[in-house]
Amino acid sequence: MSESTESPPTHEPAIRVTAMPQDTNPYGDIFGGWLMAQMDLAAASVASRHSGGRASTVAVDAMAFHRPVAIGDEVSVYAKLVAVGRTSMKVDVEAWRRTRNENVFHKVTQAQFTFVAIGEDRQKRVVPPMVQN
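All figures in this text were calculated on a predicted structure; none of them were measured in a lab. (Residues numbered from 1 in each chain as written. Predicted model: local features only at pLDDT ≥ 70, side-chain atom pairs only at ≥ 80, totals over all residues. Heavy atoms only, no water.)

**Focus: the pairing of strand 4 (residues 88-98)**
In step 1: Alignment of strand 3 (residues 74-84) against strand 4, held across 10 bridges, turns out to be antiparallel. Its bridge partner lying in strand 4, Val84 is registered against Met89.
In step 2: Taking the residues between adjacent antiparallel strands as the criterion, strand 3 and strand 4 are bridged by 3 residues.
In step 3: The pairing of strand 4 with strand 5 (residues 105-117) spans 11 bridges and is antiparallel. Within strand 5, the residue paired with Val91 across the bridge is Phe113. (Pairing = 2+ DSSP bridges. Helix = DSSP H or I, 4+ residues; strand = E, 2+ residues; numbered from the N terminus.)

**With respect to the pattern of salt bridges**
In step 1: This model, assessed by the stated rule, comprises 5 salt bridges.
In step 2: The residue Glu6 makes a salt bridge to Arg67 at a minimum N-O spacing of 3.8 Å. Of this pair, Glu6 sits in the segment before strand 1 (15-18) while Arg67 sits in the loop between strand 2 (55-65) and strand 3, and the two are 61 residues apart along the sequence.
In step 3: Its relative accessible area of 16% is what places Arg67 among the buried residues.
In step 4: Where Asp73 meets Arg97, a salt bridge forms, and the shortest distance between an N and an O atom there is 3.9 Å. You can see Asp73 sitting in the loop between strand 2 and strand 3 and its partner Arg97 sitting in strand 4, a full 24 residues away along the chain.
In step 5: Relative accessible area serves as the criterion here: at 13%, Arg97 is assigned to the buried category.
In step 6: A single salt-bridge network, built from bridges that share partners, covers Arg16, Glu74 and Arg98. (Salt bridge = Lys/Arg side-chain N within 4 Å of Asp/Glu carboxyl O. Buried < 20%, exposed > 50% of the residue type's maximum accessible area, 1.4 Å probe, protein only.)

**Observations regarding helix 1 (residues 32-51)**
In step 1: Over its 20 residues, helix 1 runs 28 Å from end to end, which matches the ideal 28 Å to within 8%, given 1.5 Å per residue.
In step 2: Of all the positions in helix 1, only Trp34, Leu35, Gln38, Met39, Ala42, Ala43, Val46, Ala47, His50 and Ser51 are classed as buried.
In step 3: Tucked into the core, helix 1 has its buried residues touching strand 1, strand 2, strand 3, strand 4 and strand 5.
In step 4: Positive backbone phi, at 70°, marks Gly52, one or two positions downstream of helix 1. (Expected span 1.5 Å × (residues − 1). Contact = heavy atoms within 4.5 Å.)

Next comes the structure, spelled out in structure tokens:
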């Protein structure tokens, strides 16, 4: 693939991690499931912060893998709250990779995660409305 002019989001990533050998398939590419887990962690952080407590993943929509991730790539996961319902929240998530020795970024995957806020009684609870900036 040719070099591109892709640019990651301007806000700080929710997670930044280096892809390691134990996260690969037999061909040396990072497992999609590992990448999805990183995205879920990042999205959960945003949902928990907004709801002020526990939030549980209930759906992942439109998961799209654009490029592979290799061992040693730095993976930055960006997560942004985009919608809030009575008890639910939608978080858009993008994962970007940067090869270890370059400052070139490529979007590798994206999805939308839906969370439900959960109370101490393990039942749904109301979340605050979304604040518009």
